[in-house]
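# Geometric and topological summary
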Amino acid sequence: MKSYLFFAVVVFLLSSGSLSAQSDKGQSDFKKTIYTSTLEAGNYTTLISALKATDLDLTLDGDAAFTIFAPSDLAFGKLSDETMKHLLLPENKKELREMVTYFMVAGSLSASKILNALVRGNGKTTFTTVQGKKIKASIDGIDIILTDGFGNKAKITVADNDQCNGIIHTIDSVLLPKPL
């Protein structure tokens, strides 16, 4: 099992661009913050709206290190329009903040650290989110899959977009701390 996981780790790192430091828009930028990079990338507009609405833009533009499993606009597109309109209402700021902090982890968690934890855990591991709940990680073939408490899954599609204050991993679905 461990030799298979090692092989999967190497294939994941090569296929995701982790070993070549590639991101959605090219090279990682150690001079930019997580917030600035997501703002400039162009494929996180919904996430940017959520960050601004919850004042987390200030947090992710600061010095503290975070890892964000960032849903792309395509990932947010899987949620209904009604759900997004509901969450972005000013009176639902707390609920939106719970959702956004559910795909944030304190500290820098590179793909290699995730994969090392997967190897140590025989293909499974968990991470505690800033929101306080656990996200499970597992490996499926060469993909790292994140699973929320309700069984919803998100695949890391682009790993290790390193910034001066942490790491961005793009995911293909939105993880939710509770049913909406």
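Let us look at the structure shown here. Keep in mind that what you see is a predicted model, and the values were worked out from it rather than measured.

With that out of the way, let us pick up the overall build of the protein. Across its full length, the protein holds 8 helices and 9 strands. The proportion of buried residues among the 180 residues of the protein is 48%. Expressed as a percentage of contacts within the protein between residues at least 6 apart in sequence, the contacts between residues at least 24 apart total 67%. Carbon and sulfur atoms form 55% of the exposed surface of the protein, whose accessible area is close to 8600 Å².

Checked against the element boundaries, Lys94 lands in helix α7 (residues 93-101). Since its relative accessible area comes to 64%, Lys94 is described here as exposed. When the C-alpha positions of Lys94 and Thr54 are compared, they lie 7.6 Å apart, and in sequence the two are 40 residues distant.

Okay, the packing of helix α2 (residues 34-41) against helix α3 (residues 45-53) next. Taken N-terminus to C-terminus, the directions of α2 and α3 make an angle of 140°; their axes are 9 Å apart at the nearest point. On the basis of the axis angle, α2 is oblique to α3. Classified by chirality, the crossing of α3 by α2 is left-handed. Mapping the contact onto sequence places Tyr35, Thr38 and Leu39 in α2 and Ile48, Leu51 and Lys52 in α3. Along the lines of polarity and charge, the residues of the contact of α2 with α3 split into 4 nonpolar, 1 polar and 1 charged.

Bringing the side chain of Thr101 into the picture now. On the secondary structure map, Thr101 appears in helix α7. Polar side-chain contacts of Thr101 include one of 2.8 Å to the backbone oxygen of Arg97. Leaving out residues up to four positions away in the same chain, Thr101 has contacts with Leu56, Thr129, Val130 and Gln131.

Taken residue by residue, α3 has Leu47, Ile48, Ala50 and Leu51 as its buried positions. Viewed end-on, α3 has its buried residues packed into an arc of 160°, placing them on one side of the element. Packed against the buried residues of α3 are α2, α4 (56-59), β3 (66-71), α5 (73-76) and α7. Asp55 lies just past α3 and shows a positive phi near 65°.

Read from one edge to the other, the open sheet built from 7 strands follows the order β4-β3-β9-β8-β7-β6-β5, with strand pairing classed as mixed. At either margin of the open sheet sits one strand with a lone partner, and together these are β4 (104-106) and β5 (124-128). On average, each strand axis in the sheet is tilted by 30° relative to the strand beside it, whichever way the strands run. Summarising the sheet, strand β8 (residues 153-163) and strand β9 (residues 166-171) pair through 5 bridges and their orientation is antiparallel. When the sheet's bridge partners are listed, Asp162 is paired in β9 with Ile167. Sitting on the sheet, α2 is in contact with β3, β8 and β9, with an inclination near 35° to β9.

Conventions used here
- Residues numbered from 1 in each chain as written.
- Predicted model: local features only at pLDDT ≥ 70, side-chain atom pairs only at ≥ 80, totals over all residues.
- Heavy atoms only, no water.
- Helix = DSSP H or I, 4+ residues; strand = E, 2+ residues; numbered from the N terminus.
- Buried < 20%, exposed > 50% of the residue type's maximum accessible area, 1.4 Å probe, protein only.
- Contact = heavy atoms within 4.5 Å.
- Areas by Shrake-Rupley, 256 points an atom, 1.4 Å probe, with all protein chains shown as cover.
- Axes fitted to C-alpha atoms, helices over the stretch in contact; angles between N-to-C directions.
- Parallel < 35°, antiparallel > 145°, perpendicular 65-115°, else oblique.
- Left-handed = near helix turned anticlockwise from the far one by under 90°.
- Nonpolar A, V, L, I, M, F, W, Y, C, P; charged D, E, K, R; others polar.
- Polar contact = N/O pair within 3.5 Å; in protein donor to acceptor, adjacent residues only side chain to side chain.
- Arc of directions from axis to C-beta.
- Pairing = 2+ DSSP bridges.

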